[in-house]
Amino acid sequence: MQTKLTREDAIALLRKYNKEPFHILHGLTVGGVLKWYANELGYGDEAGFWEICGILHDIDFEEYPEEHCLIAPRLLKEGGAEDEVIHAVCSHGYGIHEWIDAKPEHEMEKVLFAADELTGLIWAAAKMRPSKSTKDMEVSSLKKKFKDKKFAAGCSRDVITKGAGNLGWELPKLMEMTILAMRSCEDSVAEEMKKMGVQTNCSAILHAYRTDCTVYFLLLICAVILLGRQTMISPSRWIFPWWTQILSGHVASETHASPSLMIRWFVPPDTLSIVSS
């Protein structure tokens, strides 16, 4: 399976219809993952085709989320993509969207179907790790996140499980291989995002944390000051040294904006003991 589209063509086409940093990041990541799989599964001569299909698989999602994979054929056709690319891209929505009749048949299409949702889950799990990376992630850790249906709830566990079954693999094998695939392209994707001048998803989230958490901290501090008055504790001896860190985003980044952790940062032990009682 080959295509006349180059990798640069695919990225330009992706960016034409996608402006959100996460969508560009996701496209490049899935492209890199599929390229790794192509080489790993013995399709090295088709690695370029696999990667391009991965880059373009969500081409219509940002502008047409309710018609995902329905508008994609027109956008891809206008961009010069062959029928093989169009079929591969649309097949990852098979059984998910009722209007998709392109069933995953080629091994690349089955890998795309299985790995698409899983890359999202892995990336979300990686961002919760101190390293913010997949490089030290283990399958056992990912299994725990997979079982927690509230974590990255938008990543369908049913689709991931079905995808593993379509490949004839056990779920742990799919997880392990996809983690390795993401490790292989993590640095190159980050570097490419930087060269594009596109703010990474991590940076965007941190910026949002800093904005939202400043409001949260103000309310929290007001509550603690009132509590301090009732308990005869002077808030000035411990609030103000931390305020400079709030403004710099230090506490937000270190605690990942977790309310329980933030309370431990801002409320002294003697106050906590009073609250708990």
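Residues numbered from 1 in each chain as written. Predicted model: local features only at pLDDT ≥ 70, side-chain atom pairs only at ≥ 80, totals over all residues. Heavy atoms only, no water.

K.L.:
Would you mind showing me how to read helix 1 (residues 7–17) here?
P.N.:
Think of an α-helix as 3.6 residues a turn; residues three or four steps apart then line up on the same face. Among all positions of helix 1, only Ala10, Ile11, Leu13, Leu14 and Tyr17 are buried. Down the axis of helix 1, the buried set is contained in an arc of 160 degrees. They therefore lie on one face. Relative to its buried face, helix 1 has exposed residues pointing more than 90 degrees away, namely Glu8 and Lys16. Contact partners of the buried residues in helix 1: helix 2 (21–40), helix 3 (47–56), helix 4 (72–78) and helix 9 (171–196). (Buried < 20%, exposed > 50% of the residue type's maximum accessible area, 1.4 Å probe, protein only. Helix = DSSP H or I, 4+ residues; strand = E, 2+ residues; numbered from the N terminus. Arc of directions from axis to C-beta. Contact = heavy atoms within 4.5 Å.)

K.L.:
Hey, could you run me through the pattern of salt bridges in this one?
P.N.:
Side chains that differ in charge, positive against negative, can pair when their charged atoms come close. Under the definition given, this model contains 6 salt bridges. Here Arg7 ties to Glu192 by a salt bridge, and the two come within 2.7 Å at their closest N and O atoms. With Arg7 in helix 1 and Glu192 in helix 9, the pair connects residues that are 185 residues apart, well separated along the chain. Relative accessible area serves as the criterion here: at 26%, Arg7 is assigned to the partly exposed category. (Salt bridge = Lys/Arg side-chain N within 4 Å of Asp/Glu carboxyl O.)

K.L.:
What am I meant to see in unusual backbone geometry here?
P.N.:
Glycine aside, residues mostly have negative phi, and peptide bonds are mostly found in the trans state. Positive phi, close to 75 degrees, is recorded for Cys69, a residue that is not glycine. Tracing the sequence through the fold places Cys69 in the loop between helix 3 and helix 4. The class for Cys69 is buried, based on a relative accessible area of 3%.

K.L.:
Explanation requested: the environment of Leu13 in the structure shown.
P.N.:
Its location among the elements puts Leu13 in helix 1. Relative accessible area serves as the criterion here: at 9%, Leu13 is assigned to the buried category. C-alpha of Leu13 to C-alpha of Glu78: the two residues are 65 residues apart in sequence and 9.8 Å apart in space. With near-sequence residues (within four places) excluded, Leu13 lies in contact with Leu56, Ile59, Leu75, Leu76 and Gly79.

K.L.:
Looking at this structure, how should I read the packing of helix 6 (residues 107–127) against helix 9?
P.N.:
How two helices pack is summed up by the angle between their axes together with the distance between the axes. Running from amino to carboxyl end, helix 6 crosses helix 9 at an angle of 70 degrees, the nearest separation of the two axes being 10 Å. When the interaxial angle is binned, helix 6 and helix 9 end up roughly perpendicular. As for how helix 6 packs across helix 9, the hand of that crossing is right-handed. Contacts between helix 6 and helix 9 pair Ala114, Ala115, Leu118, Thr119, Ile122 and Trp123 from the former with Leu174, Met175, Thr178, Ile179 and Met182 from the latter. Residues belonging to the contact of helix 6 with helix 9 are distributed by class as follows: 9 nonpolar, 2 polar and no charged. (Axes fitted to C-alpha atoms, helices over the stretch in contact; angles between N-to-C directions. Parallel < 35°, antiparallel > 145°, perpendicular 65-115°, else oblique. Left-handed = near helix turned anticlockwise from the far one by under 90°. Nonpolar A, V, L, I, M, F, W, Y, C, P; charged D, E, K, R; others polar.)

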